[in-house]
Amino acid sequence: MAQALQLFTLRPAVLIGGVVLLAAALVGCGTTPVDTPGQTGDAIPEDVVIAAAVVVGDKLAHRMDAEGGDWPVHLRNSRAIVLPDGTLRAEVGPSLTIGDRPGLTRHLRRNQLAGLWKRADQLGLGDPSAGNLQGNPALVTAGPWEIVWILEFQRDGRDWIVMDRIDLEGGPITPERAVSLEQDNIRAMFRALAAMAWASDTTTDDVIRYPERYDFGPDPWSRYRRKAATGGTS
């Protein structure tokens, strides 16, 4: 996830996610792309959706921007959405909000989509009993020094929301401290999404947005350009 991950309902964006949004199960803070989650051929329902967002408080987001690559992708504003057909929309960036719908990043194969859900099950997040947030996740805000992770799941006609948040105020404002306070399974899920979105821990890619490209057919003016190039009437 260039830091595209988005992934996942965000705000000044935070999961994603950073997708925003997105995120293989990595724990480290290196600058290499995150690992890709294992693939499986397991069958999955036709209505599966994962939406993820990482929302970072204003003061912490400013600190992250100043420090650059020290903050891994799953701690930064992001938004990511994985749809039933394998469409993955993800982005990482400071201007993201929880209501953003990122551009198309890639299409996951069926076994990759199944692998992502298998990872959610392994982490204890793939069942409605894991939900801990009722209501509209778009109303969730982050305090000045907070990071909020929001995961929205839909499967088998049921939906649930998992949220986690940490506050770095009153102690060292470092990525190491943030990692020590977050839940391991939330981190792993967001990094699995980030991995699928090709998101990197390198902040130089944060500004890159992957555009949706459309094929409008052949150039209707090409024949005139050819004539002009050979000295004909243009």
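You'll find the structure just up there.
Residues numbered from 1 in each chain as written. Predicted model: local features only at pLDDT ≥ 70, side-chain atom pairs only at ≥ 80, totals over all residues. Heavy atoms only, no water.

**Student:** Would you mind going over the packing of aromatic side chains in detail, with residue names and values included?
**Tutor:** When we look at a pair of aromatic rings, we describe it by the centre distance and by the angle of the planes. For the coordinates displayed, the defined rule picks out 3 aromatic pairs. Measuring from centroid to centroid gives 5.7 Å for W117 and F153, while their planes differ by 65 degrees, and the two rings are edge-to-face. Here F153 lies in strand β5 (residues 146–155) and W117 lies in helix α2 (residues 110–122), a separation of 36 residues in the sequence. Under the relative-accessibility criterion, F153 is labelled buried at 2%. Seen from their ring centres, F153 and W160 are 5.5 Å apart, and the 20 degrees between their planes marks the pair as stacked. Grouping residues by exposure puts F153 and W160 together as buried. Following the ring pairs from residue to residue traces out a cluster consisting of W117, F153 and W160. (Phe/Tyr/Trp six-rings, centres within 6.5 Å; stacked < 30°, edge-to-face > 60°. Helix = DSSP H or I, 4+ residues; strand = E, 2+ residues; numbered from the N terminus. Buried < 20%, exposed > 50% of the residue type's maximum accessible area, 1.4 Å probe, protein only.)

**Student:** Quick one: what's the story with unusual backbone geometry, residue by residue and with numbers?
**Tutor:** In the Ramachandran plot, D156 falls in the positive-phi region, its phi being about 55 degrees despite a non-glycine side chain. Mapped onto the fold, D156 is located in the loop between β5 and β6 (158–167). Positive phi values are uncommon outside glycine, yet W198 reaches one of about 60 degrees. The residue W198 is located in the loop between α4 (184–196) and α5 (222–229) in this model.

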